[in-house]
Amino acid sequence: MLQSELLSLLRRVPREDEKQHLVKTLQCLDEVTMKQDSGAANVPACFISTHEGFLGSIKNLIKDFVVTEIDISGQCVNIETQPPACASSHKYNETSAKRWENKHSVSQDNDDDADYGADVTIPSPCSFDLSVILGQAVSEELEQFVLTLKDENTTKQELSLGYFSDKHHRANVHRAVRHRFPFLMTVTIQPEIRVREDPDYRELSQLVTEDEAEDFFRFIDAKVRGSSYTFGPDDNKEHRTTVHHFLSRRFGKLVEAKSFNDQGTTAITVRLREQGRPKKRTTEDRKEEEVYTAFTLCKENLETLEAISYMAAALGVLPSDFTYAGIKDKRAITYQSMVVKKVSPQRLKEKAAEFEKRGMRLSQIISVGEPLRLGRLQGNHFDLVVRDLRAHGASDTHSSGANTHTRLAALIKEAVENVKARGFVNYYGPQRFGAVQSVQSDCVGLALLKEDMVGAVRLFFTPEEGGDDPQSQAKRHFLQTGNAKECLALMPLSKARERLMLRALNRYGTGPDGCAQAWLSLPHSTRVFYPHAYCSRVWNEAVAHRLTTLGHSVRRGDLVWFQQGQKKLEDTGETSSPQIHVVTDQEEQEGVYTLGQVLLPMPGNTVKYPENSMGSWFQERLASDGLGDCRFRVGSLKLNLPGCYRPLLACPRNLRYKLNRPGCEEGGVGGEVSGGSRRNDGQRNGTPVEGKEDSLTLTLNFDLDSSCYATICLREIMKCDP
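Notes on the structure follow. Starting afresh in each chain, residues are numbered from 1 along the sequence in its written order. Only residues with pLDDT of 70 or above have their local features reported here, since the model is predicted, and side-chain atom pairs are shown and tallied only from 80 upward, although totals for entire chains, interfaces and linings are computed over all residues. In computing side-chain values, all of the structure's heavy atoms are included and hydrogens and water are not.

1. A look at the overall build of the protein chain
Here a strand is any run of E in DSSP of at least two residues, a helix any run of H or I of at least four, and the numbering for each starts at the N terminus. Helix and strand content of the protein chain: 22 helices and 24 strands. When a residue's accessible area, from a 1.4 Å probe over protein chains only, is under 20% of the maximum for its type it is buried; when over 50% it is exposed; and in between it is partly exposed. Of all 722 residues assigned to the protein chain, the portion counted as buried reaches 52%. Every residue pair with non-hydrogen atoms within 4.5 Å of one another is taken to be in contact. A fraction of 73% describes how many contacts in the protein chain between residues 6 or more apart in sequence connect residues 24 or more apart. For the protein chain, the exposed area adds up to about 32900 Å²; of that, 47% sits on carbon and sulfur atoms. Using a 1.4 Å probe, accessible areas were evaluated by the Shrake-Rupley method; residue-level cover was limited to the displayed protein chains.

What follows is the structure, encoded as structure tokens:
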């Protein structure tokens, strides 16, 4: 157990401050453990059908799990089809601020709207991989040059990065070097690029800390309209005046600076002037920024965001310049549409061979007029292989092979037909919570909703049980010492979220305010993921309780989608619209609605709860976690959770199966359970698992709405965790 590991550390550490850090961590983990023990699995074992099911395993091979996005026109996205049309209503726009007295280090100021907006954050240094952009040899030479600059006796004041004939490539080099090393300035002597130390940086770093100087120069280079940057507290008026004079002298045309007093401390805040750009953008510049290229991405054993990070580094753009309709599984082969901004089709094609070496295949690369909107898809098509099939229990262990296969064929047919007819309980899948993590995402989300910033940080940095990889070692060091700077040096460069938080903790401290700043250093979409994970866990428990206590019929007080006009749920499979109806006593008696029309609310501050026993269940469940009076709004983190409604049941479409005999690729003893054409037949694989020569394999093909999980559909079919 992780607690045992930390207790062992507690006995060994000699320093009292280190012991205090470990004690606090153990207290956080004890609370989480009690919740997990009492509330056990994030995905309850409550099903809608009563068939027996069977045992088996998935994802033995990467090719056993193929996910293909279904676009808004209902077509599967793959290497043979064109990328789907983008949302015509979605235009890229940076909203300028109405006020800029923001205490956060780098953010875009917005009005306090209902959703708090998504704040703008300056990307981490690891967003740009110089070894990809410059090549490994030049990148290492640049790193060495940076080290020599700290030597006062150095004679080398300038370094050539090489010759770059392509204008876009030169722009990417300038951007990447300046972001990774803000204290360097890049100079083009066409077509050569040289770097030298920026004298303005040297002067500023003598007035403020090096971290502040680096962050300020990244803020200047980002040029996010309406954004602001705040230096650390400075109660020395004479020193503040010196800083003001420097900023006015060197950056007066670009920024304006003011001192603000907050709770007895004073700090300098800088914002970009509305018309303070260094030069007027030309028509060519505007055209370049409005370039959008769509493509189909096929990735293998990669997370969507991991793939985007690598492509962004290679192309010299930001990860936020990529847009997509949805995130796909990691341990799978997945096909999805994407759009990248500021990269031409030709440039993307030039990088395709390099991306393929990293498990990413790009196709259907075309120019489009706008980005892709999240959620703009109908769903996903799945081609799955389940291996090592066997019946539940040990009753069939002495049966002959033929009898076993016949028995399995009957079980599978019954299971598939049941789920095809009745659907499955629409639980959030284990990947929503971080299934393999020692402390799951919903626990971090609960701490954030309770505004326990310190506890949330400690849970976030809890290492995997028994993990000895560099990331786990770095996290363990932080929990033991509380030293963010030392942990930052140990944390792998690829761990962008952890490094962003550690930089903020090093700057602002590990107290409540410092931990809040650490969370603010993450993009809004990342911060809100954790409270959403908590609400998803509550929803899973709610649907299991609803089925257990109220049965499989529609009851008075249940919520259903407003039936007038036969409106349908949004493509996301969830809705925050108020068009819901509370089932009446008469409607229950007459059986007006079916269980497939029942909705359950995801906790939030705008949703309506069922007007039956489930309403009080939600109140008691939230109160048990200390959220009885929760407004689902964390102002200090710019988080607002309005909530939504999710259908209790989901139903697979175009469901087909094939039961393959050992060593048989295409033949089988199974069959089809629905009409229509078969898709992606080439993805079937009936090869037996090594050591399981006599076992059957099951191929399943089906479509699901977005936000529905194939693993949950399989649980309902198999009556076990696959």
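2. Concerning helix H15 (residues 470–481)
Residue count minus one, scaled by 1.5 Å, sets the expected span of a helix. For H15, built from twelve residues, the straight-helix expectation of 16 Å at 1.5 Å per residue is met to within 8% by its first-to-last C-alpha distance of 16 Å. Taking burial as the measure, the twelve residues of H15 include nine buried ones, the bulk of the element. One or two positions beyond H15, positive phi appears at Gly482, with a value near 70°.

3. Section: the pairing of strand E6 (residues 192–197)
DSSP-based pairing: two strands are paired if at least 2 bridges between them are found. The pairing of strand E4 (residues 158–163) with E6 spans five bridges and is antiparallel. Residue Glu158 lies in a different strand from E6, and its bridge partner there is Arg196. Bridge count between strand E5 (residues 184–189) and E6: six bridges; the pairing is antiparallel. Its bridge partner lying in E6, Met185 is registered against Arg196.

4. Digging into the pattern of salt bridges
What makes a salt bridge here is a side-chain nitrogen of Lys or Arg within 4 Å of a carboxyl oxygen of Asp or Glu, nothing more. Under the definition given, this model contains 30 salt bridges. Across the salt bridge formed by Arg218 and Asp215, the nearest N and O atoms sit 3.9 Å from each other. Of this pair, Arg218 and Asp215 both sit in helix H7 (residues 210–222), three residues apart, which is roughly one turn of that helix. We note that Arg218, like Asp215, is buried. In this structure, Glu541 engages Arg537 in a salt bridge whose closest nitrogen and oxygen atoms are separated by 3.1 Å. Here Glu541 pairs with Arg537, and both are found in helix H19 (residues 524–550), just four residues apart, close to one helical turn.

5. What to know about the sheet that holds strand E16 (residues 559–561)
Paired through their backbone hydrogen bonds, the strands of a sheet run either parallel or antiparallel. Strand order in the open sheet formed by four strands is E17-E16-E18-E21, and the pairing between neighbours is antiparallel. Each having just a single partner strand, strand E17 (580–582) and strand E21 (644–647) make up the two edges of the open sheet. With direction set aside, neighbouring strand axes in the sheet form an average angle of 50°. With two bridges connecting them, E16 and strand E18 (residues 598–602) associate as antiparallel partners. Counted as the bridge partner of Leu559 is Leu599 from E18. Only the contacting stretch of a helix is used when fitting its axis, a line to C-alpha atoms as for every element, and angles between N-to-C directions run 0 to 180 degrees. Against the sheet, H19 contacts E18 and E21, and its axis sits at roughly 145° relative to E18.

6. Thoughts on the packing of aromatic side chains
Planes of paired rings set the category: under 30 degrees apart is stacked, over 60 is edge-to-face and the rest tilted, where pairs are Phe, Tyr or Trp rings (Trp by its six-membered ring) whose centres lie within 6.5 Å. Enumeration over the complete set of coordinates arrives at 26 aromatic pairs. Pairing Tyr229 with Phe231 gives two aromatic rings, centres 5.0 Å apart and planes at 85°, and the pair type is edge-to-face. With a centroid separation of 6.2 Å and 80° between ring planes, the pair formed by Phe460 and Tyr530 is classed as edge-to-face. One end of the pair, Phe460, is in helix H14 (residues 453–460); the other, Tyr530, is in helix H19, and 70 residues separate them in sequence. You'll find Phe460 and Tyr530 in the same group, each marked buried. Among the aromatic residues, those joined into a cluster by ring pairs are Phe181, Phe183, Tyr201, Phe216, Phe217, Phe219, Tyr229, Phe231, Phe246 and Phe251. As a reminder, the over-ring test applies to NZ of lysine and CZ of arginine, requiring each to be within 6 Å of the ring centre and within 35 degrees of the ring normal. Over the aromatic face of Phe65 sits the side chain of Lys59, whose NZ or CZ is 4.3 Å from the ring centroid.

7. Observations concerning the nonpolar core
Grouped together as the largest cluster of nonpolar side chains are 105 residues, with contacts concentrated most on Phe461, Trp519 and Leu700. Other than its neighbours up to four places away in sequence, Phe461 contacts Lys475, Phe478, Leu479, Met491, Glu498, Met501, Leu502 and Leu505. Buried Ala, Val, Leu, Ile, Met, Phe, Trp, Tyr and Cys residues form a nonpolar core when they are joined through side-chain atoms within 4.5 Å.

8. Notes on unusual backbone geometry
A positive phi is found at Glu451, a non-glycine position, where the angle reads about 60°. Within the element layout of this structure, Glu451 appears in the loop between helix H13 (441–449) and H14. Under the relative-accessibility criterion, Glu451 is labelled partly exposed at 46%. With a phi close to 55°, Asn654 is a non-glycine residue in the positive phi region. For Asn654, the position within the fold is in strand E23 (residues 653–660). When its relative accessible area of 40% is taken as the criterion, Asn654 is described as partly exposed.

9. Considerations on the sheet that holds E6
Pairing in this open sheet of three strands is antiparallel, and the strands run E4-E6-E5 from one edge to the other. Pairing within the sheet leaves two strands with one partner each, and these edge strands are E4 and E5. For this sheet, the mean angle separating the axes of adjacent strands, direction not counted, is 25°. Helix-sheet contacts for helix H4 (residues 136–149) involve E4, E5 and E6, and the interaxial angle to E4 is about 165°.

10. Some remarks on the packing of H7 against helix H17 (residues 496–508)
For the pair H7 and H17, interaxial distance at closest approach is 11 Å and the crossing angle is 130°. The angle between H7 and H17 places the two elements in the oblique class. Considering the relative orientation of H7 and H17, their crossing is left-handed. Residue-level contacts link Asp211, Glu212, Glu214, Asp215 and Arg218 of H7 to Arg503, Asn506 and Arg507 of H17. Each residue is assigned to one class: nonpolar for Ala, Val, Leu, Ile, Met, Phe, Trp, Tyr, Cys and Pro, charged for Asp, Glu, Lys and Arg, and polar for all the others, Gly among them. In terms of residue class, the contact of H7 with H17 is made up of no nonpolar, one polar and seven charged. Should an angle fall under 35 degrees it is taken as roughly parallel, and over 145 as roughly antiparallel, whereas 65 to 115 is taken as roughly perpendicular and any remaining angle as oblique. By definition, turning the near helix anticlockwise from the far helix through less than a right angle yields a left-handed crossing, and turning it clockwise yields a right-handed one.

11. A short note on the packing of H14 against helix H18 (residues 512–520)
Working note: a packed helix pair is described by the angle between its axes plus the distance between those axes. Running from amino to carboxyl end, H14 crosses H18 at an angle of 55°, the nearest separation of the two axes being 8 Å. In terms of orientation, H14 lies oblique with respect to H18. Relative to H18, H14 is oriented so that their crossing is left-handed. Residues Met453, Val454, Ala456, Val457 and Phe460 of H14 lie in contact with H18, whose contacting residues are Pro512, Cys515, Ala516 and Trp519. Split by residue class, the contact of H14 with H18 holds nine nonpolar, no polar and no charged.

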